[in-house]
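# Secondary and tertiary structure notes
Each chain, written out:
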Amino acid sequence: MTSYVYKFADGNKDLKDLLGGKGANLAEMTNLGLPVPPGFTITTEACKAYLAEGHEPESLAAEVTEHLAEVERTMGRRLGDAGDPLLLSVRSGAKFSMPGMMDTVLNIGLNDDTVRGLAAQSSDERFAMDSYRRLLQMFGATVMGVDAEEFHSKLDARKAAKGTTADTDLDVDDLTALVATYKQVIAEQTGREFPQDAREQLDLAVRAVFESWNGDRAVLYRRQERIPQDLGTAVNVQVMVFGNQGMTSGSGVGFTRDPASGERGVYGDYLQNAQGEDVVAGIRNTVSLHDLADLDKASYDELLGIMDKLERHYRDMCDIEFTIERGKLWMLQTRVGKRTAEAAFRIAVHMVDDGLISKDEAVLRVSGGQLAQLMFPRFDERAERSLLATGMNASPGAAVGKVVFDSDTAVEWADRGEDVILVRKETNPDDLKGMVVARGILTSRGGKTSHAAVVARGMGRTCVCGAEALDVDVKARQFRVRDGGIVHEGDLISIDGTTGEVFAGAVPVSSSLVVRHFEGEEVHEDLVDAVARVMAYADTIRRLHVRANADTPEDAARARRFGAQGIGLCRTEHMFLGERRELVEHLIVAEDEAAQEAALAALLPLQRQDFVEILEAMDGLPVTIRLIDPPLHEFLPDYTELSVKVAIEDVRGKHDKRQLRLLEAVKRLHEQNPMLGLRGVRLGIVIPGLFLMQARAILEAAAIRIKAGGDAWPEIMIPLVASKRELDLVRNEVLGVAQEVQEREGVSIPFRIGTMIELPRAAMTAGQIAESAEFFSFGTNDLTQMTWGFSRDDVEASFFTNYLDNNIFQVSPFESLDTEGVGALVRKAVIDGRATRPDLHLGVCGEHGGDPDSIHFFHDAGLDYVSCSPFRVPVARLEAARATLGGGYAAST
């Protein structure tokens, strides 16, 4: 029979799929002999069964009863016992950390009777009533669905009446009154009384945690972080320990290294006389973890020893949650800590130097997404700036935007193209949608372990927390600066997540140090050194080559500096824009063969010089050049505009023959669906001179480079091929041109002829096409459109949000490859193509070539290279190495 409940001693850190990250790590700490309050974990399988069936598995209640009885025997107390009550916490814990996205309920077991027992047991009536009001507040909001603001407003009113802003200034009478008020709120808002039965509280809390897996904020967070939606959450039931039992008690969060910078040392926050939720919620500003040494030296020393033990055991930076109850330290959680991109690279190389991990492991500890974050711009150090405040540097980066004070406004303004900075006193999980769209996040409360900081680091958002000089007034839509000045909603501010500084107005940004390093500039900075070391490790590991999509010599040169090993896509149609558009118009409106040849002759030297410069920039490396692909109408004026222009001229009695011929050509080339019409190889068959001119320009350019002592490796790619016969018609003519050029120039040109696989039929008949193609390059943008039947320009704006909401796919198939559908076509083409031609060279040149998830698929499918924009080349190099090592892609650590 399936077991749905595990006691902590029966688990370990490798059972995250079953016990969730929190449960697995509680089990690991228990087995390490650390001070962990007793408890048990209800598995993710129970959650999945509950969500599928609408009720708990039949055996779950009995299993919970059995494990609860064991905890009661261990503690010598019983849940619901009025004399000496056992109190429990109920916390979520999914496989992947989702900070604040799901539900937690503390102090389960308190009611009108047991609160008196707790007061007697602790000799502290105030503490007992404070714990009861916390249960009512959390249970009411989490389990019974009462708006949390109903409780917050009552608490704020009670503090205001007392003339204080601190919860700790409320006495037992205040808290007793709040308990009565909270119970009344629950009854009025839900139509039912707060449950007094302790076991009913426990069962309802467990169900609430299960259901929070499908809460809006949790679904949105998983989509943002690319976490599968079907994993479910575990539920951890644990004996309560109390940080709110006076000034010898408290709760804290710590990191074994700085999660923002990666520097060695102990970092974290501590709050006296507080439960753990107070620390991460940021409702009171914390003190540094180092200050705990002055408050409780024995607990501080014990904590440091445990943190060192955990880091060495996990061989990674850990974050921990702990509570001190009247001088006794308890460990409530540990996990491999979320960190910024900057910290990830520094920690990886530090741990190599410390002998904790290998170079291969260092590559697996960082990701392409993190490297991309480090390539974001920073504020220009030379620019003038007006400092408003300084807070905690919670998540690095430079963000500029208009101030907004709530998530709905952030989403509304971002949807209309505005850059926004979300400003809050402190964030909570309901702010997630605003945090997702904001350029940066600024709070006046909280520290590096607050909700805002943890979530921002996970998403790669710039964040400054705890800017105490700011008085945020959400209702007035403004914040005041302590030294004077008011910033209103809509005003521009700039925040520096690396320094914690907040500036008025828009501060200019400059390129990042990492980008300057990749550009070849000599930069002496430890972060740049860490990135360079990891990239050096990666380049020795990866099997996949990385090329770049580049259409100009400048792009080609930059790509090479960024580490590209050739060009995977040079789009020749981009060379026909601007001043050359008129020459293309001459070709299209040519009335006879002589006029057509004249137009092509005018284009030939221009194309040839383009290719000479690109081949020179990529000397010694392969350059894949795609012959013209888009429909010819794209090079002509708009039909409506041209018709109006001709009509006006006609009214004036003027007749421009060229304009009339252009209009006739536009009419002739008009298609209902041009992307499925006369384009790609079809153009080469209908207007053969066009492809031959381009092939001649490529081969003559290669000859020029070779005769000048260069090393040219052109690859001629014929687009939109659906059949072998199409490819043969163009290929045979290109071979004829190649023979003529080589004989005339007296050189041997090492060239290849291949095709793009961008139509489903091409993928299905790849074995036949490979008889004539020396290489395949998968054009996954069009292949995705053709496979799904999507017009990308239309569908992304019209219904993709609905598809994401309904979990039809978790991420746009244009952003990350659809491995089940499009990927199946790619795999088939690879297998069939290589069965025909074992030395068939295979690559991808669609936008997926720079997507980390997709790179792992292309490695697994057996491709030889990926090609992406020059800026993404370093990302692709790193992810190709991670794919070789078998490391799954993670957007954040």
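Before reading further, recall that the structure is shown in the block above.
Here's what I pulled together on the structure shown here.

Criteria and thresholds
- Residues numbered from 1 in each chain as written.
- Predicted model: local features only at pLDDT ≥ 70, side-chain atom pairs only at ≥ 80, totals over all residues.
- Heavy atoms only, no water.
- Helix = DSSP H or I, 4+ residues; strand = E, 2+ residues; numbered from the N terminus.
- Buried < 20%, exposed > 50% of the residue type's maximum accessible area, 1.4 Å probe, protein only.
- Contact = heavy atoms within 4.5 Å.
- Areas by Shrake-Rupley, 256 points an atom, 1.4 Å probe, with all protein chains shown as cover.
- Lys, Arg positive; Asp, Glu negative; His and termini not counted.
- Charge placed at Lys NZ, Arg CZ, Asp CG, Glu CD.
- Core = buried A, V, L, I, M, F, W, Y, C linked by side-chain atoms within 4.5 Å.
- Polar contact = N/O pair within 3.5 Å; in protein donor to acceptor, adjacent residues only side chain to side chain.
- Phe/Tyr/Trp six-rings, centres within 6.5 Å; stacked < 30°, edge-to-face > 60°.
- Lys NZ or Arg CZ within 6 Å of the ring centre and 35° of its normal.
- Axes fitted to C-alpha atoms, helices over the stretch in contact; angles between N-to-C directions.
- Parallel < 35°, antiparallel > 145°, perpendicular 65-115°, else oblique.
- Nonpolar A, V, L, I, M, F, W, Y, C, P; charged D, E, K, R; others polar.
- 1 Å grid on protein atoms, 1.4 Å probe; cavity = no way out; pocket = protein on both sides within 12 Å on 5 of 7 lines; lining within 4 Å.
- Points joined across faces, edges and corners; volume = space filled by probe spheres on them.
- Pairing = 2+ DSSP bridges.
- Patch = residues over 30% accessible without salt bridge, like charges linked within 9 Å, V, L, I, M, F, W, Y side chains within 5 Å.
- Salt bridge = Lys/Arg side-chain N within 4 Å of Asp/Glu carboxyl O.

## Quick notes on the overall build of the chain
Scanning the chain from terminus to terminus reveals 36 helices and 33 strands. Oriented by its inertia axes, the alpha-carbon framework of the chain measures out at about 105 × 65 × 55 Å. Buried positions account for 55% of the 893 residues belonging to the chain. Taking as baseline every contact in the chain between residues at least 6 positions apart, the subset at least 24 positions apart corresponds to 69%. A total of about 35300 Å² of accessible surface is found on the chain, and carbon and sulfur atoms cover 48% of it. With 98 positive and 138 negative side-chain charges, the chain shows a separation of 2 Å between the mean positions of the two kinds.

## Some points on the nonpolar core
The biggest cluster of nonpolar side chains holds 130 residues, and the ones touching the most others in it are F345, L371 and L863. Once you skip the residues sitting within four places of it in the chain, F345 turns out to touch V366, Q370, L371, L374, L527, A530, V531, V534 and L878. Judged by nonpolar contacts, the second largest core, of 55 residues, contains L87, L118, M138 and L178.

## Focus on the environment of K183
You can see K183 is positioned in helix 7 (residues 172-190). Judged by its relative accessible area of 22%, K183 falls in the partly exposed class. When the C-alpha positions of K183 and L136 are compared, they lie 7.1 Å apart, and in sequence the two are 47 residues distant. Other than its neighbours up to four places away in sequence, K183 contacts D112, Y132 and L136. Within the structure, the side chain of K183 is placed 2.9 Å from the side chain of D112, a separation counted as a polar contact.

## Thoughts on the packing of aromatic side chains
The full count for this structure, using the stated rule, is 21 aromatic pairs. Between the aromatic rings of Y270 and F322, the centroid separation amounts to 6.0 Å while the plane-to-plane angle is 0 degrees, which identifies the pairing as stacked. Of this pair, Y270 sits in strand 9 (residues 264-272) while F322 sits in strand 11 (residues 318-325), and the two are 52 residues apart along the sequence. What links up through ring pairs into an aromatic cluster is the set W788, F790, F799, F800, Y803, F809 and F814. For the cation-ring pair, R547 lies above Y865, with the distance from its terminal atom to the ring centre recorded as 3.9 Å.

## Things to note about the packing of helix 5 (residues 125-142) against helix 6 (residues 148-162)
It is the contact of helix 5 with helix 6, at a shortest axis distance of 8 Å, that shows an interaxial angle of 150 degrees. What the angle tells us is that helix 5 and helix 6 run roughly antiparallel. Where helix 5 approaches helix 6, its residues R133, L136, Q137, G140 and A141 are matched on the opposing element by A148, F151, H152 and L155. Looking at the contact of helix 5 with helix 6 residue by residue, the classes come out as five nonpolar, three polar and one charged.

## Here we look at empty space enclosed by the protein
Taken as a whole and judged by the stated rule, the model has three cavities of 30 Å³ or more. Of the pockets and cavities examined, the largest cavity occupies roughly 80 Å³. Every residue lining the largest cavity is listed: S89, R91, L106, V239, M240, V241, G243, S251, Q275, G276, T323 and L332. Taken together, the residues that form the lining of the largest cavity break down as five nonpolar, six polar and one charged.

## Some thoughts on the packing of helix 21 (residues 553-561) against helix 23 (residues 593-617)
The relative placement of two packed helices is expressed as an angle between their axes plus a distance between the axes. Where helix 21 meets helix 23, the axes come as close as 8 Å, and the angle between the chain directions of the two elements is 10 degrees. The orientation of helix 21 with respect to helix 23, classified from their angle, is roughly parallel. Where helix 21 abuts helix 23, its residues P553, A556, A557 and R560 lie against E613, I614 and A617. Of the residues belonging to the contact of helix 21 with helix 23, the class tally is five nonpolar, no polar and two charged.

## Here's the deal with the sheet that holds strand 5 (residues 88-94)
A sheet is described by the order of its strands in space; here five strands give the open sequence 1-2-7-5-6, paired in antiparallel fashion. The open sheet has two free edges, formed respectively by strand 1 (5-7) and strand 6 (104-108), since each of these has just one partner strand. With direction set aside, neighbouring strand axes in the sheet form an average angle of 20 degrees. Bridge count between strand 2 (residues 39-42) and strand 7 (residues 233-239): four bridges; the pairing is antiparallel. Within strand 7, the position partnered with T41 by the bridge is N236.

## A word on a nonpolar patch on the surface
Taken together, the side chains of I685, V686 and L729 define a hydrophobic patch exposed on the protein surface, amounting to about 230 Å² of accessible area. Relative to the elements of secondary structure, L729 occurs in helix 28 (residues 724-745). Classification of L729 as partly exposed rests on a relative accessible area of 34%.

## Things to note about a negative patch on the surface
Where like charges cluster on the molecular surface, the negative patch consists of E554, D555, E613 and E616. Only helix 21 and helix 23 provide two or more residues apiece to the negative patch. Looking at the element boundaries, E616 is found in helix 23.

## Considerations on unusual backbone geometry
Phi is positive for S123, which is not a glycine, with a value near 55 degrees. Note on placement: S123 falls in the loop between helix 4 (114-122) and helix 5. One non-glycine residue, R477, adopts positive backbone phi at about 55 degrees. Among the secondary structure elements, R477 is positioned in the loop between strand 20 (470-473) and strand 21 (478-481). Of the residues examined, R477 reaches a relative accessible area of 24% and is grouped as partly exposed.

## Some thoughts on the environment of L840
Mapped onto the elements, L840 comes out in the loop between helix 34 (822-836) and strand 32 (841-844). Note: C-alpha distance between L840 and G246 (594 residues apart in sequence) is 73 Å. Residues within four places of L840 in sequence aside, it is in contact with A770, A773, E774, F775, F776, G833, R834 and D864.

## Observations regarding the side chain of T409
Relative to the helices and strands, T409 resides in helix 16 (residues 407-415). Once you skip the residues sitting within four places of it in the chain, T409 turns out to touch V404, R477 and E489.

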